[in-house]
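# Residue-level structural notes
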Amino acid sequence: MQLYLPIADIPVNVFLILAMGAAVGFVSGMFGIGGGFLMTPLLIFVGIAPAVAVATVTSHIAASSFSGALSYWRKRAVDPMLALVLLSGGIIGTISGVWTFTRLRSLGQLDLLIALSYVVLLSGVGAAMSWEGLRAMLRARKGGTLPLRRSGGHGWVHGLPLKIRFKRSKIYLSAIPVIVIGLLIGFIGAIMGIGGGFILVPLLIYLLRVPTSTVIGTSMMLTLITMTFATVLHATTNHLVDAVLALILMTGGVTGAQFGARAGQRIRGEHLRLLLGLLILAVGVRFAIELGIRPTDLYAVREATGGI
C-alpha cells in the first residue's frame, strides 16, 4: 500500500516503513540504544532525501527516549546536575548543528557531509566495538577476565578547573569536559540524526568515570531534550520534519522494541557488543560504497536562495 509523504515529497510503501521501524525498534530493544544511527541510513537507502531523513529521525528518537528517560528518572537513576551541565553544552551544540545543517543545505553540500560523517563515525566506532567484543569473547573462552575500569578513578580530566560535585553520581569533576561532551553530542545529533548514546555512554564511563548506575538514565535524559530541541529547530527553520513518516516509524518501533528487549536478555554481553559493532560497521561500509558508485544523474538543479 502506497502512502504519499508530504514533506519527503515521495510515495512510500507503508508496510516497508513499518517493517523498518520494527527492525530498528528490535535492534534498539536488544542493544539498549536509540537506533538513529541505523534508521537514518535506512531511510536514505530507500529514497528519502538525507535532509528529511535526519530531521524526521530526531523526532522519532525524542519520542522513543521519553518513556525510557521517565522510567530512569522514577528509579532515581538520573543525575540531575550532570544532565544539566551536559545539557548546557548540548543545547549550544544542537543550535550550532542545525545552523551548520541549514548552511550546508543552502550550499548544496549537506548530502555529502551526512554521508562522509556516517562513513567516518560509524566505521571507526563499529570497528572498535567489534574488536573489543571479539577480544571479550576470546578471553571468555580462555577463562580469563577483562580488567574493569573502576568508576571514580582519576585521570587527566580530573585535574581541570571549575569542578562541580555531582552528588547522585558521587563524583567531583570539572564542568569543562562535561560541557564539551554535551556540545559534541548535540552537534552530531542535529547533523546526523542520531541520539549519540553509543558515543556518550562510553565517554562518560571510560573518560569521566561516571558510575554505570546513573550513566544510561542521564544519557537518555540528554538525548530526549536535545533531540526534542533539534526537532523544533528543524521544523521551524528548515521545515523538513515529516510527521506522517515519523508516526509510521514510531508505530513499528514500539512493537519491535518489545521483542528486541526479550531477545537481548538471552544473549551474552560480549556477543551483544560484537553484533552491535558489526552492525554499526556494516552501515558505515554501506555508506562508503554509496559514495563510490557513479550517480545516475550527474547534474542536479536546485533553486537559488539568493539574488543574482
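What comes next is a walk through the structure.

Rules of the game
- Residues numbered from 1 in each chain as written.
- Predicted model: local features only at pLDDT ≥ 70, side-chain atom pairs only at ≥ 80, totals over all residues.
- Heavy atoms only, no water.
- Helix = DSSP H or I, 4+ residues; strand = E, 2+ residues; numbered from the N terminus.
- Buried < 20%, exposed > 50% of the residue type's maximum accessible area, 1.4 Å probe, protein only.
- Contact = heavy atoms within 4.5 Å.
- Areas by Shrake-Rupley, 256 points an atom, 1.4 Å probe, with all protein chains shown as cover.
- Patch = residues over 30% accessible without salt bridge, like charges linked within 9 Å, V, L, I, M, F, W, Y side chains within 5 Å.
- Salt bridge = Lys/Arg side-chain N within 4 Å of Asp/Glu carboxyl O.
- Phe/Tyr/Trp six-rings, centres within 6.5 Å; stacked < 30°, edge-to-face > 60°.
- Lys NZ or Arg CZ within 6 Å of the ring centre and 35° of its normal.
- Pairing = 2+ DSSP bridges.
- Axes fitted to C-alpha atoms, helices over the stretch in contact; angles between N-to-C directions.
- Parallel < 35°, antiparallel > 145°, perpendicular 65-115°, else oblique.
- Left-handed = near helix turned anticlockwise from the far one by under 90°.
- Core = buried A, V, L, I, M, F, W, Y, C linked by side-chain atoms within 4.5 Å.

Attention now goes to the overall build of the chain. When helices and strands are counted, the chain shows ten helices and four strands. Taken from N to C terminus, the helices and strands of the chain fall in the order β-β-α-α-α-α-α-β-β-α-α-α-α-α. By residue count, 45% of the 308 residues in the chain fall in the buried class. The long-range share in the chain, meaning contacts at least 24 apart out of those at least 6 apart in sequence, stands at 77%. When the accessible surface of the chain is split by element, carbon and sulfur atoms take 66% of a total near 15,900 Å².

Turning next to a nonpolar patch on the surface. On the surface, a cluster of nonpolar side chains totalling about 240 Å² of accessible area is made up of Leu112, Leu116 and Leu291. Here leucine 112 falls in the partly exposed class, since its relative accessible area comes to 42%.

Let us look at helix α7 (residues 197-207). Helical periodicity: at 3.6 residues per turn, an α-helix aligns residues three or four positions apart in one direction. Restricting attention to buried positions, one finds in α7 the residues Phe198, Ile199, Leu200, Leu204 and Ile205. Looking one or two residues past α7, arginine 209 carries a phi angle of roughly 60 degrees, positive in sign.

Now for the packing of aromatic side chains. Counted by the stated rule, this structure contains zero aromatic pairs. One residue, arginine 165, lies across the ring of tyrosine 172, its end atom 4.5 Å from the ring centre.

What follows covers the pairing of strand β1 (residues 2-5). Pairing of β1 with strand β2 (residues 10-13) involves four bridges; the strand directions are antiparallel. In the strand pairing of β2, leucine 5 is matched with isoleucine 10. Count of turn residues in the β1/β2 antiparallel hairpin: four residues, of which aspartate 9 carries a positive phi of about 65 degrees.

Moving on, we get to the packing of helix α2 (residues 36-45) against helix α5 (residues 110-142). With their axes 12 Å apart at the nearest point, α2 and α5 run at an angle of 140 degrees to one another. Relative to α5, the element α2 is oriented oblique. Judged by the sense of rotation from one axis to the other, the crossing of α2 with α5 is left-handed. For the pair α2 and α5, the contacting residues are Gly36, Phe37, Thr40, Pro41 and Ile44 in the first and Ile114, Tyr118 and Leu122 in the second.

Among the nonpolar cores identified, the biggest contains 65 residues, and Phe37, Leu43, Ile48, Leu86, Val178 and Phe198 are the most heavily contacted of them. Apart from residues lying up to four places away in sequence, leucine 43 is in contact with Met20, Ile48, Ala53, Val57, Leu245 and Leu249. The next biggest cluster of nonpolar side chains, apart from the first, holds five residues, and it includes Ala69, Ala83, Met221 and Leu224.

Quick look at the environment of leucine 281 now. Residue placement: leucine 281 occurs in helix α10 (residues 269-292). Sequence separation between leucine 281 and glycine 124 is 157 residues; the distance between their C-alpha atoms is 7.5 Å. In this view, leucine 281 contacts Leu122, Ser123, Gly126 and Ala127; residues no more than four positions away in its chain are not counted.

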